[in-house]
Amino acid sequence: MALATAGCYNPDSDLLQKVESLGLYKGLRKALGLSPGEILDEVARSGLRGRGGAGFTAAVKWEAALRSPGGPPYLVCNADEGAPGTFKDRVILEADPHRLIEGLLIAALALGSTEAFVYLNHGYALARRRLARVLEQAGAEGLLALPGRALKVSIFPAPGSYISGEETALLETIEGKRGVPRPRPPFPTESGLHGRPTVVQNVETLSCLPFIITGGAAAFRRLGTSGSPGTRVFSVSGDLMRPAVVEMPCGTTLRRVLEAAGAKPLPGRSWKFFLLGGAGGGILPASMDSIPLDFEAPARLGLSLGSGAILAFDDSRSAARAACQAAAFFAEESCGWCAPCRQGTAMQHAILEDMLAGSSRPEDGELLGAVIEALRLGSACGLGQAASRAVETARRAFPDEFPAGYGEADQ
Ligand SMILES: Cc1cc2nc3c(=O)[nH]c(=O)nc-3n(C[C@H](O)[C@H](O)[C@H](O)COP(=O)(O)O)c2cc1C
Ligand code: SF4
């Protein structure tokens, strides 16, 4: 069942007349007949949660922004997509851009926004061209003329670091500053872009809105689970013949998602583990592929589905090496603003490299445990807080690949 990616199979999905004949912009037309409060109520009833990583309930965010003085809120579509193994937003942006713009317009109607941004990954050249084209078409058709105002929509080229996708770092860069996270509170919904309330939503989150408004919240809730309604769009890659993007109801098992993506191990190989949620998500042994992919089940295992990346690793791989590569990524991408992450990510990576090279010092195991704890508890933003997840989950699932007691935080 595809809703966020429903138009991705239409070769003319960037032509307004073609998408309108397939039902796109029906949600916007219906929303134009509703009050902002009625749109918000429908989205609240749908239970839509953010698809960019944190899984925060969209309607709660909108309500917070509407309560904050200094409105109307800015609306930002987060299309930075900088996490390794994540490419589902790119597919939506390139193959179904009108759906995203329709979702953006529905959100802007509910929020009363006069200005919106699409914060676009700097490498997504085709997406940029298509977005510019569909915005031009939507403008020419008068679709950006919301009641009492014209919505100004700008495409903002993201600077190209992983941290710039973090919503407060993102706001800093739109303001022309260095992309480092802001201390919270205040949250962007209270004081975001230029101090005004701001709602930041992921591409996929916004692309669910046309279905919710057209089909109704109940139809959305019939898909997925009670805690995770709707669908998820997964990016599937790694040791397999062909990477794929596939949309499935939330709570579908990992095994079924892989089947639907047509993912198979390379000839003569079998899968050993999966890196769920990209570098910050965590390592799951292949024997646990019956796990339901909703917001809750991975969290109970200390994992996170993040923005829906699934990276498959086969039996030629070492989980400790994969964890070390994730650690290298975080050491490289740390913005350096807070000490636990600036120093912790570098130390974590160095300790793991030594361990893999067989040149560890006796005290390194205990030191790694302390570093992991400092990262988790002391980091100022989600990057540092998630930087040890792959290491911890790899150690738990594949203890034989780590020296005894290595990295246990409670030593
Ligand atoms: C280091 C880091 C990078 C992030 N990168 C992205 C990103 O590329 N795209 C995205 O939508 N959210 C990203 N997020 C999450 C955003 O901060 C924010 O929660 C999200 O855009 C909100 O939209 P949603 O509620 O629709 O998911 C990132 C978070 C962190 C900590
Ligand atoms: S946790 Fe890391 S990325 Fe986040 S603010 Fe601190 S140094 Fe920067």
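Residues numbered from 1 in each chain as written. Chains lettered and ligands numbered in written order. Predicted model: local features only at pLDDT ≥ 70, side-chain atom pairs only at ≥ 80, totals over all residues.

### Here we look at the nonpolar core
One broad trend across soluble globular proteins is that nonpolar side chains are buried collectively.
For step 1, the next point in the chain: Ranked by size, the top nonpolar core spans 131 residues in total, and within it Cys77, Leu104, Ile106, Tyr119, Phe274 and Ala323 carry the most contacts.
For step 2, the next point in the chain: Every residue in contact with Ile106, bar those within four places of it in the chain, is listed here: Gly27, Leu28, Ala31, Ile39, Leu209, Pro210 and Ile213. (Core = buried A, V, L, I, M, F, W, Y, C linked by C-beta atoms within 7 Å. Buried ≥ 20, exposed ≤ 12 C-beta atoms within 10 Å, placed from the backbone. Contact = placed C-beta atoms within 7 Å.)

### Considerations on the site of ligand 2
For step 1, the next point in the chain: What surrounds ligand 2 is a group of 15 residues, the closest being Cys335, Cys338, Cys341, Cys381 and Gly384.
For step 2, the next point in the chain: The class makeup of the residues in the shell around ligand 2 is 10 nonpolar, four polar and one charged.
For step 3, the next point in the chain: Counting residues domain by domain, the shell around ligand 2 receives three or more from each of domain 1 (16–221) and domain 3 (319–401). (Near = placed C-beta within 6 Å. Nonpolar A, V, L, I, M, F, W, Y, C, P; charged D, E, K, R; others polar. Domains from an automatic or database assignment.)

### Structural notes on the domain arrangement of the chain
For step 1, the next point in the chain: Looking at the chain, the domain boundaries give domain 1 (16–221), domain 2 (231–314) and domain 3 (319–401).
For step 2, the next point in the chain: One C-alpha centre belongs to domain 1, the other to domain 3; they are set 34 Å apart.
For step 3, the next point in the chain: Counting from both sides, the interface comprises nine residues of domain 1 and, opposite them, eight residues of domain 3.

### Notes on the site of ligand 1
For step 1, the next point in the chain: Close to ligand 1 lie 22 residues; Gly50, Gly52, Gly165, Asn202 and Gly382 are nearest.
For step 2, the next point in the chain: Taken together, the elements giving at least two residues each to the shell around ligand 1 come down to β6 (198–202) and α17 (382–386).
For step 3, the next point in the chain: Here the shell around ligand 1 gets three residues from one element, more than from any other, and that element is β6.
For step 4, the next point in the chain: Residues that form the shell around ligand 1 fall into these classes: seven nonpolar, 10 polar and five charged.
For step 5, the next point in the chain: Both domain 1 (16–221) and domain 3 (319–401) contribute no fewer than three residues apiece to the shell around ligand 1. (Helix = DSSP H or I, 4+ residues; strand = E, 2+ residues; numbered from the N terminus.)

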